[in-house]
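For reference, the chains in residue letters:
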Amino acid sequence: MKFIKSIFLVLLFTGLFSCKDTKDAPKEEPADNTVSTFYFIRHAEKDRSNQENQDPELSQQGLGRSIFWAKAFEPVDFDAIYSTDYQRTQMTAAPTAIQKNITVTSYDPTTIDPQQFVTDNFGKKVLVVGHSNTINQFVNAIIGEEKYPQIDDYDNSGLYTVTIIGDQATASKLNLDISRE
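Quick caveat: nothing in here was measured; it's all calculated off a predicted structure.

A.B. asks: Can you help me understand the overall build of the protein chain in this one?
C.D. replies: If you tally the helices and strands in the protein chain, you get six helices and six strands. Written out in order from the N terminus, the α and β elements of the protein chain read α-α-β-α-β-α-β-α-β-α-β-β. Going through the 181 residues of the protein chain one by one, you find that 43% of them count as buried. The contacts of the protein chain with a sequence gap of at least 6 include a subset with a gap of at least 24, amounting to 67%. Here the protein chain has roughly 10100 Å² of accessible surface; of this, 49% comes from carbon and sulfur atoms.

A.B. asks: Got a minute to help me understand the sheet that holds strand E4 (residues 125-130) in this structure?
C.D. replies: The pairing of strands in a sheet comes from backbone hydrogen bonds and takes either a parallel or an antiparallel form. Taken in spatial order, the six strands line up as E3-E2-E4-E1-E5-E6 in an open sheet, and their pairing is mixed. The sheet is open, and its two borders are formed by strand E3 (104-106) and strand E6 (168-175), each paired with just one other strand. Taking the axes of each pair of neighbouring strands and ignoring which way they run, one obtains an average angle of 20 degrees across the sheet. Of the pairings in the sheet, the one linking strand E2 (residues 80-83) to E4 comprises four bridges and is parallel in character. Bridge pairing in E4 places Tyr82 opposite Val128. Helix-sheet contacts for helix H4 (residues 87-100) involve strand E1 (35-42), E2, E3 and E4, and the interaxial angle to E2 is about 165 degrees.

A.B. asks: Explain empty space enclosed by the protein here, please?
C.D. replies: Rolled over the atoms, a probe with the dimensions of a water molecule shows which regions are left empty. A complete count under the given rule lists one cavity of 30 Å³ or more for this structure. Looking at side-chain class alone, the lining of the largest cavity contains two nonpolar, one polar and three charged residues.

A.B. asks: Looking at this model, I keep getting lost on the nonpolar core. Mind explaining?
C.D. replies: Generally speaking, a soluble globular protein has its nonpolar side chains buried in company with each other. Core analysis: the biggest nonpolar cluster contains 20 residues, and Phe40, Val128 and Val162 have the highest contact counts within it. Counting residues per element, the ones that place at least two in this core are E1, E2, helix H5 (114-120), E4, helix H6 (135-143) and strand E5 (158-165). Examining the composition of this core, we find that five residues originate from one element, H6, more than from any other. What Phe40 contacts, discounting residues up to four positions off in sequence, is Val128, Ile135, Phe138, Val139, Ile142, Gly158, Leu159, Tyr160 and Val162. In terms of nonpolar packing, the next biggest core, distinct from the first, is built from 17 residues, Phe73, Ala93, Leu159 and Ile178 among them.

A.B. asks: Please explain the pairing of E5 as it appears in this structure.
C.D. replies: In terms of burial, E5 is a largely internal element, seven of the eight residues being buried. Sheet topology places E1 next to E5; seven bridges connect them, and they run antiparallel. Directly across from Ser36, in E5, lies its bridge partner Ile164. The sheet contact formed by E5 and E6 spans eight bridges and is antiparallel. Following the sheet pairing, Thr161 is matched in E6 by Ser172. Taking the residues between adjacent antiparallel strands as the criterion, E5 and E6 are bridged by two residues, where Gly166 takes a positive phi near 65 degrees.

Definitions and cut-offs
- Residues numbered from 1 in each chain as written.
- Predicted model: local features only at pLDDT ≥ 70, side-chain atom pairs only at ≥ 80, totals over all residues.
- Heavy atoms only, no water.
- Helix = DSSP H or I, 4+ residues; strand = E, 2+ residues; numbered from the N terminus.
- Buried < 20%, exposed > 50% of the residue type's maximum accessible area, 1.4 Å probe, protein only.
- Contact = heavy atoms within 4.5 Å.
- Areas by Shrake-Rupley, 256 points an atom, 1.4 Å probe, with all protein chains shown as cover.
- Pairing = 2+ DSSP bridges.
- Axes fitted to C-alpha atoms, helices over the stretch in contact; angles between N-to-C directions.
- 1 Å grid on protein atoms, 1.4 Å probe; cavity = no way out; pocket = protein on both sides within 12 Å on 5 of 7 lines; lining within 4 Å.
- Points joined across faces, edges and corners; volume = space filled by probe spheres on them.
- Nonpolar A, V, L, I, M, F, W, Y, C, P; charged D, E, K, R; others polar.
- Core = buried A, V, L, I, M, F, W, Y, C linked by side-chain atoms within 4.5 Å.

This is the structure in structure tokens:
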């Protein structure tokens, strides 16, 4: 329960910082203070019972984590959800997509242009579900630095948050190990 409270607070503060109060604000160029927020997660734990299966579903633990993510993301008003076209990523995104009534958009991490992705999602809150060898690359490309290494194949607990205000990007990573609850 502590982890859910922690993630709720992180998401709440992220959401608060991404809100614009324009009541008394001077008129500026719209792009100067528009906030885009991207949440990146690796798919939940996959079923490893058949090592030859290149497209496994989630394990029972993974199904639990996908529900955990949906609960953690309850306070976030997503505009879009992206997932690679694998069963494990689609299944990880599904509970949040159902909760938010959003259709998941498939993307190919080998062909997506990160800067075009940011442009296409300007001013939005977006969830991206990917893989241990793609999420770090996607985040690093958006922030313009090699900040995050490849994710360990057994680590499904990371939440990467990228916030872009104008042309300034910041990123943070939070590990949410639900197995400790």
